[in-house]
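Structural characterization, general
Single-letter residue listing:
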Amino acid sequence: MELQFNEGERAFREEVRAFLLDNIPERIRQAVYEERPLPRDWMIEAQQILNSAGYAVPHWPIEWGGRVWSPVKRAILAQEIDRNSVPKPLPFNVTLIGPIIAAFGTEDQKQRFLPGIANLDIWFCQGFSEPNAGSDLASLKMSAIREGDHYRVNGRKIWTTYAHEADWIFCLVRTSREERKQQGISFLLIDLETPGVEVSPIQSIDGFHHLNEVQFDDAIVPAENLVGEEGKGWDYARYLLGQERTSMGNVGFSRRRLERSRALAGEAAGERSETLLGDADFLRRQTWAEIRLKALEITQMRVVASAPVQGADPKTSILKTEGGELLQEAADLLLDTMGPEALTAGFPAGIGPEEFYGIDERSGILSAYFSSRKYSIFGGSNEIQRNILAGSVLRLGRKR
Ligand SMILES: Cc1cc2nc3c(=O)[nH]c(=O)nc-3n(C[C@H](O)[C@H](O)[C@H](O)COP(=O)(O)OP(=O)(O)OC[C@H]3O[C@@H](n4cnc5c(N)ncnc54)[C@H](O)[C@@H]3O)c2cc1C
């Protein structure tokens, strides 16, 4: 596919790469390369550097920091960010809530939130999932009852990534009970400092704390924090589906992992003089993953260049499924480069990111392996994506 980039696109890629290598501190890029969790202030620092160059929100409307760039250019930027081990701009901010407020928010909400969202001065987390509403999100129960100039909010959100780091949460809430469960859902912005809101940690299998439960007990939320119209929250959430497709396949991230697994497998481990790359089975798996990566890259560029589709786009389901499974395979290969050490290394449950930095440079691999399980679950599990593909491409389950 690179052969098809025109001269301007190739020059743009060089410009982006040079900026990232010159401006993002080496300590941050090294930590991302070694797949270690980043402290909050490093994530903010990286996003602010990207934002200063117009690289954090190029897909936003121009008056809020967007750029007049083709989707291909935006895809090049996303790939270079990943490939050069630069932390991605926080997706909850730049891909989810920012575009929603820009499209449906009031002028006051835009002024109040958008600059801070782009610059990560305000950190948002996503409160969609509930204990009994994941794949079937429309079953959500968290209630927001209007009382004059505010809503009284009660309920529970779960699997809320970074709620413990965030300042605000955007939630889908039920403001009325209607016949169709997709109706009566509204979109509310809630300050996490609000009395009655409590964030509790969920330890994940990678040994770290990224996930949380968020409990709301009679939390009073100003009515001005409603985004768009009451009862239209489902439409706004659906508006996001398939919107920003330039980074969905995680092509740059998989490439980085596969380059690393090839490099590590080329080193002789411990007492052994032969390398893992000399092992026919490993070499076959590594090479096959690299071929899949090339195919994914071409598919991603085809998707990027095609017209967006309203609602669930089967093309994004292909990218999400294959992109996630490839990241998982790359993590498997990386784990193999650790050899038997992977069995005994363990991971440092319960310790903070700072202490983790002192440990062997490969220790991030084990937690990355466990962490990679999530790619086939969040943002619509692979089974749900395959249902979309079966319905839209194969026309299964549809009346003819
Ligand atoms: C690491 C991580 C981070 C997350 N971060 C967030 C976040 O920040 N904010 C947020 O709101 N949510 C977040 N989530 C939640 C995520 O969106 C849900 O986990 C996901 O939607 C699946 O829902 P569930 O866990 O309730 O599983 P369920 O919906 O109960 O599914 C269980 C299993 O059944 C399968 N299944 C369900 N329905 C069907 C069907 N119709 N056909 C075939 N198979 C089906 C699923 O694929 C899955 O394998 C996160 C999840 C993870 C793992």
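Scroll up a little and you will see the structure.
Quick look at the structure, then. A quick note: this is a predicted structure, and the numbers were derived from the prediction, not measured. (Residues numbered from 1 in each chain as written. Predicted model: local features only at pLDDT ≥ 70, side-chain atom pairs only at ≥ 80, totals over all residues. Heavy atoms only, no water.)

1. Notes on unusual backbone geometry
Phi is positive for Tyr 162, which is not a glycine, with a value near 60 degrees. Tracing the sequence through the fold places Tyr 162 in the loop between strand 3 (150–158) and strand 4 (168–174). Its identity as a non-glycine residue notwithstanding, Asp 218 has a phi of 50 degrees, on the positive side. Along the chain, Asp 218 falls in strand 7 (residues 211–222). Accessibility expressed as a relative area gives 42% for Asp 218, which makes it partly exposed. (Helix = DSSP H or I, 4+ residues; strand = E, 2+ residues; numbered from the N terminus. Buried < 20%, exposed > 50% of the residue type's maximum accessible area, 1.4 Å probe, protein only.)

2. Overview of the site of the ligand
Close to the ligand lie 18 residues; Ser 135, Trp 159, Thr 161, Ser 381 and Glu 383 are nearest. Here a nitrogen atom of the ligand and a backbone polar atom of Gln 126 are 2.8 Å apart. Phe 128 places a polar main-chain atom, nitrogen or oxygen, 3.0 Å from an oxygen atom of the ligand. When the ligand is considered free in solution it has 980 Å² of accessible area, and contact with the protein chains removes 65% of it. A per-element tally of the shell around the ligand places helix 14 (residues 382–392) first, with 3 residues. Partitioning the shell around the ligand into residue classes produces 7 nonpolar, 9 polar and 2 charged. Domain assignment of the residues forming the shell around the ligand places at least three in each of domain 2 (124–239) and domain 3 (241–392). (Near = heavy atom within 4 Å. Polar contact = N/O pair within 3.5 Å; in protein donor to acceptor, adjacent residues only side chain to side chain. Areas by Shrake-Rupley, 256 points an atom, 1.4 Å probe, with all protein chains shown as cover. Nonpolar A, V, L, I, M, F, W, Y, C, P; charged D, E, K, R; others polar. Domains from an automatic or database assignment.)

3. A look at helix 5 (residues 91–104)
For helix 5, spanning 14 residues, the distance from its first C-alpha to its last is 18 Å, which sits close to the expected 20 Å at 1.5 Å a residue. At Ile 97, helix 5 shows its largest kink, close to 40 degrees, and the proline Pro 99 lies no more than four residues downstream. For helix 5, the buried fraction is high: 10 of the 14 residues fall into the buried class. If you check which residues of helix 5 are buried, you get Phe 92, Asn 93, Val 94, Leu 96, Ile 97, Gly 98, Pro 99, Ile 100, Ile 101 and Ala 102. (Expected span 1.5 Å × (residues − 1). Bend = angle between axes of the 7 residues up to and from the residue.)

4. Quick look at a nonpolar patch on the surface
Residues Val 393, Leu 394 and Leu 396 make up a contiguous nonpolar surface patch of about 300 Å² in total accessible area. Its place among the elements puts Val 393 in the segment after helix 14. Note on Val 393: relative accessible area 52%, which makes it exposed. (Patch = residues over 30% accessible without salt bridge, like charges linked within 9 Å, V, L, I, M, F, W, Y side chains within 5 Å. Salt bridge = Lys/Arg side-chain N within 4 Å of Asp/Glu carboxyl O.)

5. Here we look at the packing of helix 8 (residues 251–265) against helix 10 (residues 314–337)
Orientation of helix 8 relative to helix 10, taken along the N-to-C sense of each, is 20 degrees, at an axis distance of 9 Å. The angle between helix 8 and helix 10 places the two elements in the roughly parallel class. Along this stretch, helix 8 crosses helix 10, giving a crossing that reads as left-handed. Of helix 10, the residues touching helix 8 (which contributes Phe 253, Ser 254, Arg 257, Leu 258, Arg 260, Ser 261, Leu 264 and Ala 265) are Gly 323, Leu 326, Leu 327, Ala 330, Ala 331, Leu 333, Leu 334 and Thr 337. (Axes fitted to C-alpha atoms, helices over the stretch in contact; angles between N-to-C directions. Parallel < 35°, antiparallel > 145°, perpendicular 65-115°, else oblique. Left-handed = near helix turned anticlockwise from the far one by under 90°. Contact = heavy atoms within 4.5 Å.)

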